[in-house]
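Chain by chain, the residues run as shown.
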Amino acid sequence: MAGLPTTGDPTLQAADAALEVRGNAQESRGYYGTYSAGDECTRKQWLAFRWVAKKMFAADVLRRFEDGHMGEDLQTARLKCVDDLILMTLDPTTGEQFEFTDCDGHMGGHCDGQIKGLLQAPKTPHIWEHKQCADKKLKQLEKAKKDGKESDALRQWDWVYFIQAQIYMHEFKFTRHYLTCASPGGRKTISVRTHYEKAEAMKAIDRASMVIQCPSPETLSRISNDETFFKCKWCDFSEVCYGHSFPLANCRTCVKSTPVKNGEWHCAKWDSVIPLDGQRQGCEHHVFIPALITMEMTDAADDSSWAEYKMPDGELLRNGREWVQSQELSDAGLAATSIRVMTIKKPLPGDG
């Protein structure tokens, strides 16, 4: 009789594979989210907003996301058991999550809820957010709350969450934020209340606006110029940022597109607003924002219809017009996925 496999459960492995397919099939957000606002690397913020690469999550990360969603529902039910406490997770005027937009419609966010009737502050309405985190991180929050003032604990514990809280309070016009944080599965929960700080909120929103309107990443500083620095090493955009792979070809990586009012994008080639699905697809006239390509630019069209670069082996490569897949990219050590380019063997028709 054949023995059972000892290298893992094939059924659970198949479940993980299916989870990864489903979880990574979701499209990138069309807007700059509040979670990005607290990130200390402005270059990373820009690369994320411009869709230079698609984040791919392993099954263990996706399971943590699922735990977070289920934990939020569980904590909602628990809080609603408290007499005289009012927790709204949906905007009664829309039936959807509470939502805001800013920065000409390009920045947006959804808070988990709005709550009133906390026993420790019964008259003050609060923005409510719930997080699930590992036991170690939960203990760090508990320590931050014990070691100083509760109103400073969130700032000391997690800067990204702190900035997110400040933006939510500013946008929804609240003066207090109530965070509940639970261990995986929700077995242990602690809370922290945070005061609104207008200066911090405005600083983050101004920074977001700067990132959104910036036409090129070269003017935005990295958190480090050392790609072996641990935060760069684990960044989803490191390969593009340090020139080891090409960015994805879509309207947001094209030199002809610009974010405009009402959360829209405008194409200079077609003199038209680009719908969201169109932004993801791009068109045959796509030309990369030059700063996204680390090779030397040797020539370019005045109308931005193409740009020419010198590859590491000295061969010329032209980006734009009648693209074809180029095997030479792999030979140069650059990823050729999701990118259409043309190597210059002879002048293109119409070049003279």
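Here, every reference points to the structure presented above.
Let me sum up the structure you'll find in this document. As a convention, each chain's residues are numbered from 1 in the sequence order in which they are written. Confidence filtering applies because this is a predicted model: local features only for residues at pLDDT of at least 70, side-chain atom pairs given and counted only at 80 or more, and all residues used for totals across whole chains, interfaces and linings. The side-chain numbers reported here are obtained from all heavy atoms of the structure, hydrogens and water having been left aside.

**Regarding the layout of surface pockets**
Here comes step 1: Estimates place the volume of the second largest pocket at around 220 Å³.
Here comes step 2: A cavity, in this analysis, means grid points on a 1 Å lattice covering only the protein atoms where a 1.4 Å probe fits yet has no way out; a pocket is instead an open set bounded by protein on both sides within 12 Å along at least five of seven lines, and a residue lines either one if it has an atom within 4 Å of a point. What lines the second largest pocket is a set of ten residues, among which E27, K54, L248, N250 and R280 lie closest to the centre.
Here comes step 3: Any residue outside Ala, Val, Leu, Ile, Met, Phe, Trp, Tyr, Cys, Pro, Asp, Glu, Lys and Arg is labelled polar, Gly included; the first ten of those are nonpolar and the last four are charged. Looking at side-chain class alone, the lining of the second largest pocket contains four nonpolar, three polar and three charged residues. Grid points are joined across faces, edges and corners, and a volume is the space filled by probe spheres set on the points.

**Some thoughts on the sheet that holds strand 2 (residues 86–88)**
Here comes step 1: If you trace the five strands from one edge of the open sheet to the other, you get 2-5-6-7-8, paired in mixed fashion. Strand pairing shows two members of the sheet lacking a second neighbour, strand 2 and strand 8 (189–195), which therefore form its edges. Each strand of the sheet is rotated relative to its neighbour by a mean of 25 degrees, with strand direction disregarded.
Here comes step 2: In this sheet, strand 7 (residues 176–182) lies alongside strand 6 (residues 126–132) in parallel orientation, the contact comprising six bridges. Residue pairing across strands places Q132 opposite A182, the latter belonging to strand 7.
Here comes step 3: Residue contacts are defined here by distance: any two heavy atoms, one from each residue, within 4.5 Å place the two residues in contact. Here an angle of 0 to 180 degrees is reported between the N-to-C directions of two axes, which are lines fitted to C-alpha atoms, with helices fitted over the stretch in contact. Numbering of helices and strands runs from the N terminus, with a helix taken as a DSSP run of H or I at least four residues long and a strand as a DSSP run of E at least two residues long. Helix 5 (residues 135–147) rests against strand 7 and strand 8 of the sheet, and its axis sits at about 50 degrees to strand 8. Criterion used throughout: strands pair if DSSP finds at least two bridges between them.

**A word on unusual backbone geometry**
Here comes step 1: With phi around 65 degrees, D84 is a residue other than glycine that occupies positive phi space.
Here comes step 2: Checked against the element boundaries, D84 lands in the loop between helix 4 (59–79) and strand 2.
Here comes step 3: Three labels apply to residues, based on accessible area from a 1.4 Å probe with only protein chains included: buried if under 20% of the type maximum, exposed if over 50%, partly exposed otherwise in between. Taking relative accessible area as the criterion, D84 reaches 73% and is therefore assigned exposed.
Here comes step 4: Despite not being glycine, C103 shows a phi value in the positive range, around 50 degrees.
Here comes step 5: Note that C103 resides in the loop between strand 3 (99–102) and strand 4 (107–110).

**Comments concerning the packing of aromatic side chains**
Here comes step 1: Aromatic rings from Phe, Tyr and Trp, taking only the six-membered ring of Trp, are treated as a pair when their centres fall within 6.5 Å; an angle between ring planes under 30 degrees marks them as stacked, one over 60 as edge-to-face, and anything in between as tilted. In this structure the tally under the stated criterion is eleven aromatic pairs.
Here comes step 2: Between W159 and F162, the aromatic rings sit 5.3 Å apart at their centres with planes inclined by 35 degrees, giving tilted as the arrangement. Within this pair, W159 and its partner F162 are both found in helix 7 (residues 159–172), separated by three residues, close to a single helical turn.
Here comes step 3: Members of the aromatic cluster, joined through ring pairs, are Y32, F49 and W265.
Here comes step 4: Definition used: whenever NZ (Lys) or CZ (Arg) falls within 6 Å of the ring centre and also within 35 degrees of the ring normal, the charge is taken to sit over that ring. Between R252 and the ring centre of W51, over which it is positioned, the NZ or CZ distance is 3.9 Å.

**Here's the deal with the pattern of salt bridges**
Here comes step 1: Each reported salt bridge corresponds to a side-chain nitrogen of Lys or Arg within 4 Å of a carboxyl oxygen of Asp or Glu. Scanning the model with the defined rule gives 14 salt bridges in all.
Here comes step 2: Taking the shortest distance from any N to any O, the salt bridge between E197 and R155 comes out at 2.3 Å. In this pair, E197 is assigned in the loop between strand 8 and helix 8 (198–213) and R155 in helix 6 (residues 150–157), connecting sequence segments 42 residues apart.
Here comes step 3: Assessed through its relative accessible area of 24%, E197 is described here as partly exposed.
Here comes step 4: Assessed through its relative accessible area of 23%, R155 is described here as partly exposed.
Here comes step 5: Each of E27, D277 and R280 takes part in a single network of salt bridges with overlapping partners.

**Re the sheet that holds strand 10 (residues 265–267)**
Here comes step 1: Read across the open sheet, the three strands follow the order 9-10-11; overall the sheet is antiparallel. Whereas interior strands pair on both sides, the edge strands pair on one side only; in this sheet they are strand 9 (257–259) and strand 11 (272–274). Sheet twist, expressed as the mean angle between neighbouring strand axes with direction ignored, is 40 degrees.
Here comes step 2: Relative to strand 11, strand 10 is paired through three bridges, and the arrangement is antiparallel. Residue pairing in the sheet places W265 in a bridge with I274 of strand 11.

**Overview of the pairing of strand 5 (residues 113–116)**
Here comes step 1: Bridge count between strand 2 and strand 5: three bridges; the pairing is antiparallel. Bridge pairing in strand 5 places I86 opposite K116.
Here comes step 2: The pairing of strand 5 with strand 6 spans three bridges and is classified as antiparallel. Within strand 6, the position partnered with G113 by the bridge is W128.

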